[in-house]
Amino acid sequence: MNDKMRFDADVIVVGAGPVGLTIANTLGLHGVSVLLLERGDTLIDYPRAVGMDDESLRTVQGIGLTEQVLQHLTPFHWMRFVNAKGRVYASIEPRTDEFGWSRRNAFNQPAVDRELLAGLERFPNAAVSMSTELESYEQDGEGVTLKVIKAGAPTTLRCRYLVGADGGRSVVRTQLGVGFGGFTDTSQWLVVDIRNDPLGVPYIYMHSDPKRPYVSVALPDGVRRFEFMVWEGETEEQITAPARMAELLSKVLPAGTDISKLDFIRKRVYTHNARIADRWKVGRVMLAGDAAHIMPVWQGQGYNTGMRDATNLAWKLAWVVKGKASDTLLETYNIERPPHAKAMIDLSVAAGRIFYPRNVFKAAVRDVSTWLLNQIPAFKRYFSEMRYKPMPFYSEGLVVHEKVARKASPVGRLFIQPRVRTLDGEVKLLDDVIGSGFALLAWGADPNYWLNARSKAILAAMGARIITAKPVVQMHRKVDMSDATEVVGDEQMRLKDWFGEHPGSIVVLRPDRFVAGIAFPVEINELLDAVAARMGLKVEAA
Ligand SMILES: O=C(O)/C=C/c1cccc(O)c1
């Protein structure tokens, strides 16, 4: 065989962090051969990210690891901002579950990473190579050739596509030669993680103490995280010296706490960066997670932004590797993801400016203005319900916007995930019924009646399920449904509400559960044609 056609795996992913692990699990699930390379000889075993949002949890659900991961989570984990006088000036506590899960969750990252790694054992087509460091790579028309050092020995590997999920200092990104513009913050922070939580109180408290802002976070498994701002000119050695640590901790723990009893996991100083890669796909090489963007921690969005990348990219890779769609589909990754990642960087930077303003005057303005705004219920709700968080929205890419003005459109947005009732009476989350592929989801009527031969061929090429949701009391009546249409009951009546508010009664749902398009039954054939064209779908002649 020609050397160029010998592949060790269809996809090689560099970096066994959460993003690399999630991409590998998704590819594993889709039957694509994937090799995950990790420089370390084990996964990182100390906490880093602390917040997993509902979108990431939905992704975990999609790769079949809900039960394994939920045990490492504290759902409904609020975030409270406290001023120098001890007054809570903002509290973020969204109590809704429109995507099927609590919107804010604290989690034990090392434990979740281990579950994701163990999840790969389910797939004979997924392999992991630890102690394997990428040195260099070259791409050509058919694939990518990597030079790696595995357990000290140089080796060559070849794949069709390469994903760099290898962190902020990504070797894949550096060698791709794309820019990583943005800035490095001038402030530094000391992170202290402690086992056997000496405080035990729930939630995240952001103390805007102008002398030394600090954060106190309750994590699962009895872990407490403190973060203290490092003063200008203060070195890591100085701030972690026993006397200074005792002084810092005495301010955040009750008087008389025996500091020598604290069980430290780690103490580390770090700097915040706000950077984004200029291009996330060049030929056969893609960047994801911190390799593509890094941001301050204040909204817990570094991890979740990376998980969104994994969710967006992995199924597209599977479709293209399996020959079901053209490279056009993969290009949509580079179109869809960067604008939202940039919005998350901006949000994280802004949150930092509110939390630790650079002078006492700005802090006073913040305190007065937040007090005034908190008297207005609509503003209070805006914060507490997290409405300030920009939700992903794809204005270009695998989306058909022709029918609806972009601003009001449900197209390009994540579809809701209510509970539905199946014909055998089980109540499940919607995605667990739909599975891992495309779906045509309708309200009330049967889309099959309107489908022409080409649309049927498109749906077959997509492997799409055709599902109609009905009121639970009507779901067993067969009078108006063809055998090719599955029926689910609208258990919480959220689907009826959703379709009642949007201009159409059928959505094309992508495998990542974003809405690719919306139509009335009479328009469905044009919509399917447009979706097929946008993704370069390989359709058998009808
Ligand atoms: O919003 C979250 O989930 C996490 C926020 C956060 C705040 C302060 C320090 C951190 O390490 C994370």
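Just so it is clear, the structure is predicted and the values come from calculations on it, not from any experiment.

A few words on the sheet that holds strand β13 (residues 204–207). Pairing is mixed in the open sheet, where eight strands are placed in the order β6-β5-β13-β14-β15-β12-β16-β19. With partners counted over all chains shown, the strands left at the sheet margins are β6 (88–92) and β19 (293–294), one partner each. In this structure, strand β5 (residues 79–82) lies alongside β6, joined through four bridges in antiparallel fashion. Its bridge partner lying in β6, phenylalanine 81 is registered against alanine 90.

In this section: a nonpolar patch on the surface. Residues Tyr449, Trp450, Phe520 and Val522 make up a contiguous nonpolar surface patch of about 470 Å² in total accessible area. Within the secondary structure, tryptophan 450 sits in the loop between β22 (439–443) and α13 (453–462).

A few words now on the domain arrangement of the chain. Split into domains, the chain comes out as domain 1 (3–72 + 103–180 + 274–356) and domain 2 (419–534). Taken together, the contact between domain 1 and domain 2 spans twelve residues of the former and 13 residues of the latter. Together, the buried faces of domain 1 and domain 2 total about 1000 Å²; carbon and sulfur atoms form 51% of this surface. Linking domain 1 to domain 2 there are two salt bridges. Across the pair aspartate 431 and arginine 58 runs a salt bridge, and its minimum N-O distance is 2.7 Å.

This part takes up the packing of helix α8 (residues 301–321) against helix α9 (residues 327–355). Where α8 contacts α9, the two axes come as close as 10 Å, and the packing angle between them is 175°. Relative to α9, α8 is oriented roughly antiparallel. Contact residues: Gln301, Thr305, Arg308, Asp309, Asn312, Leu313, Trp315, Lys316, Leu317, Trp319 and Val320 in α8; Leu329, Leu330, Thr332, Tyr333, Glu336, Arg337, His340, Ala341, Met344 and Ser348 in α9. Along the lines of polarity and charge, the residues of the contact of α8 with α9 split into ten nonpolar, six polar and five charged.

Spatially, three strands are ordered β3-β7-β4 in an open sheet, and the strand pairing comes out antiparallel. With one partner strand each, in any of the chains shown, β3 (51–53) and β4 (73–75) form the two edges of the open sheet. Averaged over all neighbouring strand pairs, the angle between strand axes comes to 30°, with direction disregarded. Relative to strand β7 (residues 104–107), β4 runs antiparallel, the two sharing three bridges. Note on β7: the bridge partner recorded for leucine 73 is phenylalanine 107. Together, β3 and β7 form the strand contacts of α8, whose direction differs from that of β3 by roughly 40°.

Let's shift gears to α13. Looking only at α13, the buried set comprises Ser455, Ala457, Ile458, Leu459, Ala461 and Met462. The secondary structure elements touched by the buried residues of α13 are α8, β22, β23 (465–470) and α15 (524–534). The backbone nitrogen of arginine 454 lies 3.2 Å from a side-chain oxygen of the residue at the head of α13, namely asparagine 452. Immediately downstream of α13, the backbone of glycine 463 shows phi near 65°, a positive value.

Let us look at the side chain of arginine 284. If you trace the backbone, arginine 284 turns up in the loop between β17 (281–282) and β18 (285–287). For the buried arginine 284, no salt bridge is present, and the opposite-charge side chain at shortest range is aspartate 140, 5.8 Å distant. Among the polar contacts listed, one links the side chain of arginine 284 to the backbone oxygen of glutamate 142, at a separation of 3.3 Å. Once residues lying within four places of it in the same chain are set aside, the contact partners of arginine 284 are Gln139, Asp140, Gly141, Glu142, Gly143, Val144, Arg160, Tyr161 and Leu162.

All right, on to the pattern of salt bridges then. Across all of its chains, the model carries 36 salt bridges by this definition. The residue arginine 160 makes a salt bridge to aspartate 10 at a minimum N-O spacing of 2.7 Å. Residue arginine 160 is located in strand β11 (residues 153–164), and its partner aspartate 10 is located in strand β1 (residues 9–14); the two are separated by 150 residues in the primary sequence. When its relative accessible area of 30% is taken as the criterion, arginine 160 is described as partly exposed. In this structure, aspartate 346 and lysine 342 form a salt bridge, with 2.8 Å as the shortest nitrogen-oxygen distance. In this pair, aspartate 346 and lysine 342 both sit in helix α9, four residues apart, roughly one turn of the helix. Aspartate 346 gets classed as partly exposed once you look at its relative accessible area, which sits at 40%. Taking the relative accessible area as the measure of exposure, lysine 342 reaches 38% and is therefore partly exposed. Connected via shared salt-bridge partners are Asp53, Glu55, Arg308 and Lys389.

Cut-offs applied
- Residues numbered from 1 in each chain as written.
- Predicted model: local features only at pLDDT ≥ 70, side-chain atom pairs only at ≥ 80, totals over all residues.
- Heavy atoms only, no water.
- Pairing = 2+ DSSP bridges.
- Helix = DSSP H or I, 4+ residues; strand = E, 2+ residues; numbered from the N terminus.
- Patch = residues over 30% accessible without salt bridge, like charges linked within 9 Å, V, L, I, M, F, W, Y side chains within 5 Å.
- Areas by Shrake-Rupley, 256 points an atom, 1.4 Å probe, with all protein chains shown as cover.
- Salt bridge = Lys/Arg side-chain N within 4 Å of Asp/Glu carboxyl O.
- Domains from an automatic or database assignment.
- Contact = heavy atoms within 4.5 Å.
- Buried area = accessible area lost by both parts, 1.4 Å probe.
- Axes fitted to C-alpha atoms, helices over the stretch in contact; angles between N-to-C directions.
- Parallel < 35°, antiparallel > 145°, perpendicular 65-115°, else oblique.
- Nonpolar A, V, L, I, M, F, W, Y, C, P; charged D, E, K, R; others polar.
- Buried < 20%, exposed > 50% of the residue type's maximum accessible area, 1.4 Å probe, protein only.
- Polar contact = N/O pair within 3.5 Å; in protein donor to acceptor, adjacent residues only side chain to side chain.
- Lys, Arg positive; Asp, Glu negative; His and termini not counted.

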